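Examining the three-dimensional arrangement
As a plain string of letters, each chain reads:
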Amino acid sequence: MMDITSLPALVLGNMIKNREISVVEATKAQLDAIKQREPFYHSYITVMEEEALSQATKVQKRIDAGELRKSALAGVPMAVKDNICTKGVRTTCASKMLHNFEPSYDATVIERLKQAGVIILGKTNMDEFAMGSTTEKSAFGASKNPWNISHVPGGSSGGSASVVAGEEAFFALGTDTGGSIRQPAGYCGIIGLKPTYGTVSRYGLIAYASSLDQIGPMGRNVSDCTAVLEVIAGHDEKDSTSIHRKELDFRKALIDDVKGMRIGVPKGYLDGELDDEIKDRLYSAVKIFRQKGAIVEEFDLEMIDYAVPAYYVIACAEASSNLSRFDGVKYGYRTPNYENLQELYEKSRSEGFGSEVKRRIMMGTLVLSESYYDAYYRKALKVRSLIKQNFKKAFENVDLILGPISPRTAPELGEKTQGTLQSYRSDIYTVSVNLAGLPAISFPCGRDKKGLPIGLQLIGKEFGEKDLIRAAYSFEQAVGYERPTTLREGIDIVNSQETQMHPNNKSQD
Ligand code: GLN
């Protein structure tokens, strides 16, 4: 029998259109796979079984009525990171603070996907409030990497990456504040696309750092991600930072041709902490792009060393302000024992937030305080504009920038070698893209000696998604897509990985 759940999203969409499979059949197949695999991957916080099936019946009716002819993804089941609001379905941000929060409205991206007839299967696991790089900061316990379940899937959109690689959804939405789409996509061997800031509405996204946050697609190939981007991109009057962009027909850029494209590789990305195996893959990618006719050259991108500190100052400052709304009164968790209002605030916040979130709120409050504002926050803003300028200068000579996503491949679950600062430093290749508001795409490029995927990223100029899509698509034609070994070899994962299974998924907070 054909393995429905391994199909690319657009292929399934086509089959649904041609009546080769019904929406309910596809949704049931995906829900069955989730039941079988979830005990091992733990990638969902909420699976919306009934809701998904009832959506499937409704969407089939719309298709039968000829309503969704233009929607390439009609009937395709997908997953949503749990910081994006879904009406009537709990949206937790993987935090005790919002463990029972049911939004009364859909985020704009969800509205648009529903309009396009997409089926939402559930909400995926993440680091609490999107702060982290492994999903181990989730109050619901860590997710596992489908390539090897003793390794993390990355973060913070680790659940979304894991459901896509582990074939528990045809595609997913993630969010990227400092790398959280690209890094988990890289760790799990899939594609992640972070759009130019303002391209996708943030209305209904529970904010971490508003000037950096951006929603984007995660999929098993470039075409799928591009089709999703077309659905979710576009101006939204409910988001004041949303931009009016013309030419959102991104699929026109799915062309296998990079002839004459100028790709720059920043020298600074190649030394220091970068693992040799990743460096090797980077060079092999350079070779492939050259063979296909691109012009690839090394160049100096300044300020690389300052990106991480500037990012953490700005992200924490914004987080401390954004998260002040969680006070035990308006939403979510409220402490059961309090004697006055002050105690209600204090205890609800101390008990509701995990330690990483508290650390960042404190750090953010400090850098915004009168005595430190100039020393830290203002300086970080200056660094941010210098980084922006440096990218601008670089893009006078190149169309795209090629680099690694992270200094190493997916660490083991619970690995203690990485302290907090070390883990912040591992965001070195991703955060500058968010500081500059640029688009970037991450894609797989082979595996390391442990068999774990190695990911690379291409960074584009502002509004340069089409160049990114074209180059990543062209690269994909040369290297193809690899399924996780366990799925590819048809091993019954329930039996083969039982011994590796972690008995309970406790938060490592
Ligand atoms: N790892 C980074 C952080 O912890 C990025 C997170 C993100 O993009 N949401 O802030």
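These numbers come from a predicted model, not from an experiment.

Broken down by element type, the protein carries 17 helices and 11 strands. A compact globule built from 509 residues should have a C-alpha radius of gyration of about 23 Å, and the protein, at 21 Å, falls within 12% of that. If you line up the protein on its principal axes, its C-alpha atoms span 65 × 55 × 50 Å. Going through the 509 residues of the protein one by one, you find that 60% of them count as buried. The contacts of the protein with a sequence gap of at least 6 include a subset with a gap of at least 24, amounting to 77%. Put simply, the protein shows about 19,800 Å² of open surface, and 49% of that area lies on carbon and sulfur atoms. Distance from the positive charge centre (63 side chains) to the negative charge centre (65 side chains) of the protein: 3 Å.

To continue, consider helix H2 (residues 23-41). At Lys35, H2 shows its maximal bend, which comes to roughly 35°, and the proline Pro39 appears one to four places after that position. Those residues of H2 not exposed but buried are Val23, Ala26, Thr27, Ala29, Gln30, Leu31, Ala33, Ile34, Arg37, Glu38, Phe40 and Tyr41. In the segment just after H2, His42 is the residue with positive phi, at about 50°.

What follows deals with the sheet that holds strand S1 (residues 44-47). The 11 strands are arranged S1-S3-S2-S4-S6-S5-S10-S11-S9-S7-S8 in an open sheet whose pairing can be described as mixed. Taken across any chain shown, the strands that pair with only one partner, and hence form the sheet edges, are S1 and strand S8 (295-299). Averaged over all neighbouring strand pairs, the angle between strand axes comes to 25°, with direction disregarded. The pairing of strand S4 (residues 171-175) with strand S6 (residues 215-219) spans five bridges and is classified as antiparallel. Note on S6: the bridge partner recorded for Gly174 is Gly216. The strands touched by helix H8 (residues 276-291) are strand S7 (262-266), S8, strand S9 (400-404), strand S10 (440-447) and strand S11 (453-460); relative to S11, the strand with the most contacts, the crossing angle is about 55°.

The next thing to look at is the layout of surface pockets. Its boundaries defined by the atoms lining it, the second largest pocket holds a volume of some 330 Å³. Every residue lining the second largest pocket is counted, 15 residues in all, and those nearest its centre are Lys388, Lys392, Ala436, Leu438 and Glu462.

Once that is clear, we can look at the site of the ligand. For the ligand, the set of nearby residues contains 15 residues, the closest of which are Thr177, Gly178, Ser180, Tyr208 and Tyr311. Between Asp427 and the ligand, the recorded distance is 3.0 Å, taken from a side-chain N or O atom to a nitrogen atom. In the complex, 99% of the free accessible area of the ligand, which totals 290 Å², lies under the protein chains. Among the cavities detected, the one that contains the ligand is the largest cavity. Residues belonging to the shell around the ligand are distributed by class as follows: five nonpolar, seven polar and three charged.

Here we take up empty space enclosed by the protein. Following the criterion strictly, the structure yields five cavities of 30 Å³ or more and no others. Approximately 120 Å³ is the volume attributed to the largest cavity. Lining the largest cavity are 17 residues, with Gly132, Ser133, Ser180, Tyr311 and Asp427 positioned closest to its centre. Contributing elements (two or more residues each) for the lining of the largest cavity: helix H9 (304-322) and helix H13 (420-425). Residue classes in the lining of the largest cavity are distributed as six nonpolar, nine polar and two charged.

Thresholds applied
- All residue numbers here refer to positions counted from 1 along the written sequence of the relevant chain.
- Given that this is a predicted model, residues contribute local features only at a pLDDT of at least 70 and side-chain atom pairs are listed and counted only at 80 or more, while totals for whole chains, interfaces and linings are drawn from all residues.
- Side-chain measures here rest on the full set of heavy atoms in the structure, leaving out hydrogens and waters.
- Starting at the N terminus, helices and strands are each numbered in turn, a helix being any DSSP run of H or I of at least four residues and a strand any DSSP run of E of at least two.
- In this setup the radius of gyration rests on C-alpha atoms only. A globule is expected at 2.2 Å times the number of residues raised to 0.38.
- Exposed residues in this analysis have more than 50% of their type's maximum accessible area, buried residues have under 20%, and partly exposed residues fall in between, with area computed by a 1.4 Å probe over protein chains only.
- Residues are treated as being in contact if the distance between any of their heavy atoms lies within 4.5 Å.
- All accessible-area figures derive from a Shrake-Rupley calculation using a 1.4 Å probe, and residue coverage is judged against the displayed protein chains alone.
- For the purpose of counting charges, residues Lys and Arg are taken to be positive, whereas Asp and Glu are taken to be negative. His and the chain ends are not included.
- Charge placement uses NZ in Lys and CZ in Arg. For Asp and Glu, CG and CD serve respectively.
- The reported bend at a residue is simply the angle between two axes, fitted to the 7 residues ending at it and to the 7 residues beginning with it.
- Strands qualify as paired when DSSP identifies two bridges or more between them.
- With axes taken as lines fitted to C-alpha atoms, and helix axes fitted only over the stretch in contact, angles between N-to-C directions fall between 0 and 180 degrees.
- Here a cavity denotes grid points, spaced 1 Å and computed from the protein atoms alone, that fit a 1.4 Å probe unable to get out, and a pocket denotes an open set having protein on both sides within 12 Å along at least 5 of 7 lines; residues with an atom within 4 Å of a point are the lining.
- Grid points are joined across faces, edges and corners, and a volume is the space filled by probe spheres set on the points.
- By convention in these notes, a residue is near a molecule or strand provided one of its non-hydrogen atoms lies within 4 Å of it.
- Any N or O atom pair separated by 3.5 Å or less is treated as a polar contact, with the protein-specific requirement of one donor-capable and one acceptor-capable atom, and with residues adjacent in sequence counted only for side-chain atom pairs.
- Assignment to a cavity or pocket requires that more than half of a molecule's atoms be within 2 Å of the site's grid points.
- Residue type decides the class: Asp, Glu, Lys and Arg count as charged, Ala, Val, Leu, Ile, Met, Phe, Trp, Tyr, Cys and Pro as nonpolar, and the leftover types, Gly among them, as polar.

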